[in-house]
Amino acid sequence: MAGLSLQTQGYVLEKAPRGDRFQPLALYSAEHGLLRCYQRISTRNPGPAIDLFDELSATLTSSNQGNTWFFKELHVDQRHPEIGLRFEALAEASALAMLIVRNPTHEEGRPGICRLLNDTLSALGKGAPPAVVGLKALYSFARSEGYPVKEEWLAGLRGSDREHALALITTPLASLAAEHTDHAVRLLGKLRRYLRESTELTIDVG
């Protein structure tokens, strides 16, 4: 049976420990969702170094009907090195990446997930408050997957928590400063607990 080939763009969401011959990666694509990929390691013709959160354009091949893919060609379109310079930013970027890796997403929602990744990584790279970015990203992801976070979680908050949550979720990131961090940290913890207890999502942090 002939092998498969596809061209795609996507975000590197996971890098597993590399072996002697291959670097395993998880790539998320708007067209194909999560792809398990392997970059061949060659001392003679080393390919471009790939980092977490890189956006790639790639040609992939598969000999097992798409269960695993190998990079035939790849180009790094964009990367976000600034994220790794701040622990809190790296933590929130990693939390979103693992959320997507460990929770299958609906096919029709994949383009929106890629837009969410782009917006989140760009904001963290530009120095936006990580907890605020993380709250908005998690809320958006849950809504995009059909969970009633507006009707149940947000509506169930009381007093100042609900006021702060509404402000943080509805206000553009560019207008939110670091002074909102304490509120965002508390609300992000509450949202993670709600999703862990009330939905089928796998939430690994908080």
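Residues numbered from 1 in each chain as written. Predicted model: local features only at pLDDT ≥ 70, side-chain atom pairs only at ≥ 80, totals over all residues. Heavy atoms only, no water.

A. Geometry of the pattern of salt bridges. Enumeration over the complete set of coordinates arrives at 6 salt bridges. In this structure, Glu 14 and Arg 36 form a salt bridge, with 2.8 Å as the shortest nitrogen-oxygen distance. Of this pair, Glu 14 sits in strand 1 (residues 4-15) while Arg 36 sits in strand 3 (residues 33-40), placing them 22 residues apart in sequence. Residue Glu 14 is classed as partly exposed on the basis of its relative accessible area of 22%. By relative accessible area, which is 36% here, Arg 36 ends up partly exposed. Where salt bridges share partners, they join Asp 51, Asp 54 and Arg 79 into one cluster. (Salt bridge = Lys/Arg side-chain N within 4 Å of Asp/Glu carboxyl O. Helix = DSSP H or I, 4+ residues; strand = E, 2+ residues; numbered from the N terminus. Buried < 20%, exposed > 50% of the residue type's maximum accessible area, 1.4 Å probe, protein only.)

B. A look at the packing of aromatic side chains. In this structure the tally under the stated criterion is 4 aromatic pairs. Judged by centre distance (6.3 Å) and plane angle (55°), the rings of Tyr 139 and Trp 153 are tilted. Here Tyr 139, found in helix 3 (residues 130-144), pairs with Trp 153, found in helix 4 (residues 149-156); they are 14 residues apart in sequence, far enough to count as distant. On the basis of relative accessibility, which here comes to 5%, the residue Trp 153 falls in the buried class. Through a chain of ring-to-ring contacts, the aromatic side chains of Phe 22, Tyr 38 and Phe 70 assemble into a single cluster. (Phe/Tyr/Trp six-rings, centres within 6.5 Å; stacked < 30°, edge-to-face > 60°.)

C. Focus on the sheet that holds strand 5 (residues 69-78). Taken in spatial order, the 5 strands line up as 1-2-3-5-4 and close into a barrel, and their pairing is mixed. Averaged over all neighbouring strand pairs, the angle between strand axes comes to 50°, with direction disregarded. Here strand 1 runs beside strand 2 (residues 22-29); their pairing, made up of 5 bridges, is antiparallel. In the strand pairing of strand 2, Gly 10 is matched with Ser 29. (Pairing = 2+ DSSP bridges. Axes fitted to C-alpha atoms, helices over the stretch in contact; angles between N-to-C directions.)

D. The arrangement of the packing of helix 1 (residues 87-102) against helix 2 (residues 110-125) in detail. Between helix 1 and helix 2, the least distance of the axes is 10 Å, while the angle of their chain directions is 170°. When the axes of helix 1 and helix 2 are compared, the pair comes out roughly antiparallel. For the pair helix 1 and helix 2, the contacting residues are Ala 89, Glu 92, Ala 93, Leu 96 and Ile 100 in the first and Ile 113, Leu 116, Leu 117, Thr 120, Leu 121 and Leu 124 in the second. Among the residues making up the contact of helix 1 with helix 2, the classes are represented as 9 nonpolar, 1 polar and 1 charged. (Parallel < 35°, antiparallel > 145°, perpendicular 65-115°, else oblique. Contact = heavy atoms within 4.5 Å. Nonpolar A, V, L, I, M, F, W, Y, C, P; charged D, E, K, R; others polar.)

E. Structural view of helix 2. Along its 16 residues, helix 2 runs 22 Å from first to last C-alpha, staying within 8% of the 22 Å computed at 1.5 Å per residue. Within the span of helix 2, buried status applies to Arg 110, Ile 113, Cys 114, Leu 116, Leu 117, Thr 120, Leu 121, Ser 122, Ala 123, Leu 124 and Gly 125. Elements in contact with the buried residues of helix 2: strand 1, strand 2, strand 3, helix 1 and helix 3. Just past helix 2, the residue Gly 127 takes up positive phi, approximately 95°. (Expected span 1.5 Å × (residues − 1).)

F. Examining the pairing of strand 2 more closely. Counting buried positions over the 8 residues of strand 2 gives 7, a clear majority of the element. Strand direction decides the pairing type here: strand 2 and strand 3, joined by 8 bridges, are antiparallel. Bridge pairing in strand 3 links Leu 25 to Cys 37. Between strand 2 and the antiparallel strand that follows it, strand 3, lie 3 residues.

Without other data, these values stay purely geometric and don't point to any function.
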